[in-house]
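Spelled out from the first residue to the last, the chains are:
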Amino acid sequence: MNKNIMKNSTLIQFRNLLRFSGIFNIASASLLIFPIVYEYYLLFFNDINFALGLGGQPVSIPTNPLNALLINTAGIDLVLIGAIMLVVSRNPLKNRTIILLNGVGRLLFALIIGYYVFAADLIRIIIFFGLVDVIISIGFLYYLRKTKNIEKMPAGNKV
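Note that this is a predicted model, so its numbers are computed, not measured.

Calculation notes
Residues numbered from 1 in each chain as written. Predicted model: local features only at pLDDT ≥ 70, side-chain atom pairs only at ≥ 80, totals over all residues. Heavy atoms only, no water. Axes fitted to C-alpha atoms, helices over the stretch in contact; angles between N-to-C directions. Helix = DSSP H or I, 4+ residues; strand = E, 2+ residues; numbered from the N terminus. Left-handed = near helix turned anticlockwise from the far one by under 90°. Contact = heavy atoms within 4.5 Å. Nonpolar A, V, L, I, M, F, W, Y, C, P; charged D, E, K, R; others polar. Buried < 20%, exposed > 50% of the residue type's maximum accessible area, 1.4 Å probe, protein only. Phe/Tyr/Trp six-rings, centres within 6.5 Å; stacked < 30°, edge-to-face > 60°.

As for the packing of helix α3 (residues 65–88) against helix α4 (residues 96–118)
Working step 1: Relative orientation of the contacting elements α3 and α4 amounts to 145°, with a least axis distance of 10 Å. The handedness of the crossing between α3 and α4 comes out as left-handed. Facing α3, whose interface residues are Ile81, Ile84, Met85 and Val88, α4 presents Ile98, Ile99 and Asn102.
Working step 2: Here the contact of α3 with α4 is built from residues that sort into six nonpolar, one polar and no charged.

Now the structure itself:
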């Protein structure tokens with residue numbers, strides 16, 4: 001296979017992974033933004049979890065308005081991070097640091113999910129989000145490594 005075609009293909013795959021990660025963030029967190037709506041969203045996870053027989057303690061809706069505000073704020077932040085990843089996907093070679101930091105953040109998120117699932121007996125369905133983030137992070141690291149030398153190519157050979 002021609003090296004330029006392989007590099008173009010690699011960059012397209014990298015961009016698609018970045019887009020997927022942004023869309024995943026936006027789709028999975030957007031309902032957390034809205035007061036009252038987020039409550040039904042969290043209860044939906046309880047329903048799925050128990051329908052699948054996964055176990056763990058159900059999510060409860062916070063009664064303290066500050067806790068609710070923090071959930072809404074987390075939703076806003078996750079949607080914004082998703083939007084940032086969509087913007088970064090346009091030129092991943094110039095945004096390597098943002099991609100790396102996002103990947104590290106996703107791995108940290110997965111570890112924190114693991115803590116709450118195993119130490120606090122949180123519903124197990126939440127592991128799905130951690131696993132998706134681990135897979136995305138591994139993909140980021142793979143493509144960051146694979147595209148490391150594309151930046152050093154002469155300008156006429158870049159994608």
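A few points about the environment of Ile84
Working step 1: Positionally, Ile84 belongs in helix α3.
Working step 2: For Ile84, a relative accessible area of 43% corresponds to the partly exposed category.
Working step 3: For the pair Ile84 and Leu122, spaced 38 residues apart in sequence, the C-alpha to C-alpha distance is 29 Å.

Comments concerning the packing of aromatic side chains
Working step 1: The final tally for this structure, using the stated rule, is 10 aromatic pairs.
Working step 2: Residues Phe20 and Phe24 carry aromatic rings whose centres are separated by 6.1 Å and whose planes lie at 25° to one another, so their mutual orientation is stacked. Placement of both Phe20 and Phe24 in helix α1 (residues 3–29) is noted, with a separation of four residues, approximately one turn of the helix.
Working step 3: Judged by centre distance (5.4 Å) and plane angle (85°), the ring pair of Phe45 and Phe129 falls under edge-to-face. Of this pair, Phe45 sits in helix α2 (residues 37–51) while Phe129 sits in helix α5 (residues 127–146), and the two are 84 residues apart along the sequence.
Working step 4: The exposure class of Phe129 is buried, given its relative accessible area of 13%.
Working step 5: Site record: aromatic cluster; members linked through ring pairs are Phe20, Phe24, Tyr41, Phe44, Phe45, Phe128 and Phe129.

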